[in-house]
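Descriptive analysis of the structure
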Amino acid sequence: QVQLVESGGGLVQAGGSLRLSCAASRSIRSINHWAWYRQAPEMQRELVAGIYSSGSTKYADSVKGRFTISRDNAKNMVYLQMNSLKPEDTAVYYCRAQISADFGYWGQGTQVTVSS
């Protein structure tokens, strides 16, 4: 089992930046796939970015070139650097540790609000 705690959310003006952090309660080395999701009001939760142990990454088209996901195995941390933020990026952002194809752990979420 692993507990995840997100931090770094907040209120920022359009064009600004935020860095989200996800702290894991144990070593993340054995967890191959990490991801950030987001959920806006009355919308489905959507994948924003993912990273594998190999270092390969994937991004939603809407954030490509603006967001960067990274992991620090030594610190048991996963990050999401968000630049050039837009009002449509406003959502609750969740960290996910994908353990298998149909099982994983979620953090509690952190609110990101981008004002125009």
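Residues numbered from 1 in each chain as written. Predicted model: local features only at pLDDT ≥ 70, side-chain atom pairs only at ≥ 80, totals over all residues. Heavy atoms only, no water.

**Quick notes on the packing of aromatic side chains**
Tallied over the entire structure, the rule returns three aromatic pairs. Consider the rings of Tyr94 and Trp106, whose centres lie 6.2 Å apart with planes at 85 degrees: the pair is edge-to-face. Of this pair, Tyr94 sits in strand E9 (residues 91-100) while Trp106 is found in strand E10 (residues 103-106), placing the two residues twelve residues apart along the sequence. Relative accessible area serves as the criterion here: at 14%, Tyr94 is assigned to the buried category. Centre to centre, the rings of Phe103 and Tyr105 are 5.1 Å apart; their planes meet at 75 degrees, and the pair counts as edge-to-face. Counting every residue linked through ring pairs, the aromatic cluster contains Tyr37, Tyr94 and Trp106. Over the ring of Trp106 we find Arg45, and its NZ or CZ is 4.5 Å from the ring centre. (Phe/Tyr/Trp six-rings, centres within 6.5 Å; stacked < 30°, edge-to-face > 60°. Helix = DSSP H or I, 4+ residues; strand = E, 2+ residues; numbered from the N terminus. Buried < 20%, exposed > 50% of the residue type's maximum accessible area, 1.4 Å probe, protein only. Lys NZ or Arg CZ within 6 Å of the ring centre and 35° of its normal.)

**Digging into the state of the cysteines**
In the structure shown here, the tally under the stated rule is one disulfide. The disulfide bridge from Cys22 ends at Cys95, spanning 2.1 Å between sulfur atoms. Disulfide Cys22-Cys95: torsion about the S-S bond near -80 degrees, hence left-handed. Of this pair, Cys22 sits in strand E3 (residues 18-24) while Cys95 sits in strand E9, and the two are 73 residues apart along the sequence. (Disulfide = S-S within 2.5 Å.)

**Things to note about the environment of Ala23**
Within the secondary structure, Ala23 sits in strand E3. In this structure, the C-alpha to C-alpha distance between Ala23 and Met43, residues 20 residues apart in sequence, is 26 Å. Leave out the neighbours within four places in its chain, and Ala23 touches Gln3, Leu4, Val5, Asn76 and Met77. (Contact = heavy atoms within 4.5 Å.)

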